[in-house]
Amino acid sequence: MTERPPSVDRLARELAITIDLPHGVLVEVARSAVADAPTRAADVARERAHDLEASLLRRVVNGTGVLLHTNLGRAPLSAAGDRPLNLEYDLSSGGRGSRHEPISALLAGLVGSESALVVNNNAAAVLLVVAALAEGRGVAVSRGECVEIGGGFRIPEVMERAGARLVDVGTTNRTHRDDYVRAVRDEDIALIMRIHPSNFTVSGFTADVDVADLAALGVPVVCDVGSGLLDSSASFLGGRLQPVPAWIADEPAVRDALSSGAGLVTFSGDKLLGGPQCGIIAGRADLVAACARHPLMRALRPGSQTLMSLQSVLLAHLRRDAADTVPFWAMVCTPLDDVERRAHAVAQQCGAHIARSDAAIGAGSAPGTTIDSWAVVLDGDHSSALRRHATPVITRVRDGQTLIDLRSVHPDDDAVVVDAVRATQ
Ligand SMILES: *Cc1c(COP(=O)(O)O)cnc(C)c1O
């Protein structure tokens, strides 16, 4: 005689003792376990409930040394709170306000644009710009910039989806001004688009054309600068990184592109800006207005939490205190000695040792760039145990050692690292 499977309800109540998920969810897990594996229902249910709980969003400690870790939500930023905001409410008139105008004014001061618009991410920004300004017409793109950004975001496909025609200009390694001149003369070109190949570099026998030269051709130039560095002198750091490192000085910057004559720039909010996930379109007022009027805008607009976080980051940049108040820039600007001192203190408390480490920017920004750092080092691979800690600690394993790079860890989380490491011993 076979044993009867346990009752779904009893199983769900047993799971609830150790697993903090709503009763209805545990009942569903128990039901599916009883149906799929009647003889091992309790074990299967426990495993599935644990997997489900572990898959939910939670706070983690980023010990990878990759400062903008795409899988950890890029730029870390605290949430904007749980109270209503005057998102579209004009407090002086009591009437309807604009969710775009205040942010647009802040961006104008930061990057020198006439106007700006915020959407859900930079992919959406590129899509909207092309749909609003080039539907049914041609967009000239250098062959060397016809890139895939990641996550299947490919420029030729975006053009097609936006209803525009990609007009290939030049060659993979070299594109000249004359190539653009010919395209503008022979084809119906609505936009010239420059796309920053953020996540790879082309070296050797190469050539491209300055934005200023393209701007003289009489067609609006759109620069997808990607990373969203505001200006290459890093004035928003208030002089904290001196001299300005090459990876900043060489990164195409929003202000520089606009002052060279770009009609629009598009960039991500959660890369080098250090803000929330969003995409920003900044530039000429008439071009921004055309994007704002397009029907897609309603589907791509961000919510109040995003705009509030973005606003706080823009104000920090305007105050020039990003090095202290924007978490991403704080990680970049932390002096190496401070990172070493923290690594030393953590290692001492949990019997580990320390080693020099190379942190990276991440999110496809400034590829190849490293920032000097220090890591807490454990012999052996403890990455899985550290990931399973109550507050998971995400690490790197190299040459049989586990590295916890402290440049990407918030200083307040050093104590979490100590606890997590102790728990593995
Ligand atoms: C990152 C990037 C994008 C995509 O931006 P998301 O904010 O991730 O959608 C587009 N273009 C360039 C050049 C980028 O670097």
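All of the points below concern the structure found in this document. These numbers were taken from a predicted model, which means no experiment stands behind them.

**Focus on the overall build of the protein**
Thought 1: Across its full length, the protein carries 18 helices and 14 strands.
Thought 2: Dimensions of the protein, computed from C-alpha atoms along their principal axes, come out at roughly 85 × 55 × 50 Å.
Thought 3: Across the 425 residues of the protein, 46% fall into the buried class.
Thought 4: Of the contacts made within the protein by residues no fewer than 6 positions apart, 71% connect residues no fewer than 24 positions apart.
Thought 5: Of the roughly 20,400 Å² of accessible surface on the protein, a fraction of 49% belongs to carbon and sulfur atoms.
Thought 6: When the 41 basic and 51 acidic side-chain charges of the protein are each reduced to a single mean position, those positions are 3 Å apart.

**Re the nonpolar core**
Thought 1: Judged by nonpolar contacts, the single largest core of 63 residues is most densely connected at Leu237, Trp247, Val265, Phe267, Ile280, Phe328 and Trp329.
Thought 2: The two domains that each donate at least three residues to this core are domain 2 (61-75 + 328-424) and domain 3 (101-325).
Thought 3: If near-sequence neighbours (up to four positions away) are discounted, phenylalanine 328 is found in contact with Leu67, Leu68, Ala75, Lys271, Leu272, Gly274 and Ile361.
Thought 4: By size, the runner-up hydrophobic cluster in this structure holds 33 residues, among which are Val158, Ile195, Val222 and Leu287.

**Re the packing of aromatic side chains**
Thought 1: For the coordinates displayed, the defined rule picks out three aromatic pairs.
Thought 2: Relative to tryptophan 329, the ring of tryptophan 247 lies with its centre 6.1 Å away and its plane at 5°, an arrangement referred to as stacked. Taken together, the residues tryptophan 247 in helix α9 (residues 246-249) and tryptophan 329 in helix α15 (residues 327-333) connect sequence positions 82 residues apart.
Thought 3: Look at phenylalanine 328 and tryptophan 329: their rings are 5.0 Å apart centre to centre, the planes differ by 70°, and that puts the pair in the edge-to-face class.
Thought 4: For tryptophan 329, a relative accessible area of 0% gives the class buried.
Thought 5: In textbook terms, an aromatic cluster arises when at least three aromatic residues are bridged by ring pairs, as seen for Phe236, Trp247, Phe328 and Trp329.
Thought 6: If you follow arginine 174 out to its NZ or CZ, it ends over the ring of phenylalanine 205, 3.8 Å from the centre.

**Examining the sheet that holds strand β13 (residues 396-398)**
Thought 1: Spatial strand order, β2-β10-β11-β14-β13: five strands in an open sheet with mixed pairing. One side of each edge strand has no neighbouring strand; the edge strands of this open sheet are β2 (66-68) and β13. Strand-to-strand, the axes of this sheet are offset by a mean angle of 40°, without reference to chain direction.
Thought 2: Alignment of strand β11 (residues 365-379) against strand β14 (residues 401-405), held across five bridges, turns out to be antiparallel. Looking at β14, one finds that aspartate 379 is bridged to glutamine 401.

**Structural notes on the pattern of salt bridges**
Thought 1: Across all of its chains, the model carries 26 salt bridges by this definition.
Thought 2: A salt bridge links arginine 99 to glutamate 88; the shortest N-O distance between them is 2.8 Å. Of this pair, arginine 99 sits in the loop between β2 and α4 (101-111) while glutamate 88 sits in the loop between β2 and α4, placing them eleven residues apart in sequence.
Thought 3: In this structure arginine 99 comes out as buried when scored by relative accessible area, which is 10%.
Thought 4: Here glutamate 88 falls in the partly exposed class, since its relative accessible area comes to 23%.
Thought 5: The salt bridge partner of aspartate 414 is arginine 342, with a shortest N-O separation of 2.8 Å. In this pair, aspartate 414 sits in helix α18 (residues 414-424) while arginine 342 sits in helix α16 (residues 336-350), placing the two residues 72 residues apart along the sequence. Each member of the pair, aspartate 414 as well as arginine 342, carries the same accessibility label: buried.
Thought 6: A single network of salt bridges, built from pairs that share partners, joins Glu88, Arg96, Arg99 and Arg301.

**Quick word on the sheet that holds strand β7 (residues 221-226)**
Thought 1: Strand order in the open sheet formed by seven strands is β3-β9-β8-β7-β6-β4-β5, with mixed pairing between adjacent strands. Two strands close off the open sheet at either side, each with one partner strand: β3 (115-119) and β5 (165-169). Each neighbouring strand pair of the sheet contributes to a mean axis angle of 25°, computed without reference to strand direction.
Thought 2: Bridging between β3 and strand β9 (residues 279-283) involves five bridges; their strand directions are antiparallel. Of the residues in β9, the one forming a bridge with serine 115 is glycine 283.

**Looking at unusual backbone geometry**
Thought 1: Glutamine 242 connects to proline 243 through a cis peptide bond whose omega is -10°.
Thought 2: The backbone phi angle of alanine 363 is positive, close to 55°, even though this residue is not glycine.
Thought 3: Tracing the backbone through its elements, the reader meets alanine 363 in the loop between β10 (353-362) and β11.
Thought 4: Look at alanine 363 and you get buried, because its relative accessible area is 13%.
Thought 5: For aspartate 399, which is not glycine, the phi dihedral falls at a positive 50°.
Thought 6: Relative to the elements of secondary structure, aspartate 399 occurs in the loop between β13 and β14.
Thought 7: On the basis of relative accessible area, aspartate 399 is assigned to the exposed category, the value being 73%.

Conventions adopted
- Residues numbered from 1 in each chain as written.
- Predicted model: local features only at pLDDT ≥ 70, side-chain atom pairs only at ≥ 80, totals over all residues.
- Heavy atoms only, no water.
- Helix = DSSP H or I, 4+ residues; strand = E, 2+ residues; numbered from the N terminus.
- Buried < 20%, exposed > 50% of the residue type's maximum accessible area, 1.4 Å probe, protein only.
- Contact = heavy atoms within 4.5 Å.
- Areas by Shrake-Rupley, 256 points an atom, 1.4 Å probe, with all protein chains shown as cover.
- Lys, Arg positive; Asp, Glu negative; His and termini not counted.
- Charge placed at Lys NZ, Arg CZ, Asp CG, Glu CD.
- Core = buried A, V, L, I, M, F, W, Y, C linked by side-chain atoms within 4.5 Å.
- Domains from an automatic or database assignment.
- Phe/Tyr/Trp six-rings, centres within 6.5 Å; stacked < 30°, edge-to-face > 60°.
- Lys NZ or Arg CZ within 6 Å of the ring centre and 35° of its normal.
- Pairing = 2+ DSSP bridges.
- Axes fitted to C-alpha atoms, helices over the stretch in contact; angles between N-to-C directions.
- Salt bridge = Lys/Arg side-chain N within 4 Å of Asp/Glu carboxyl O.

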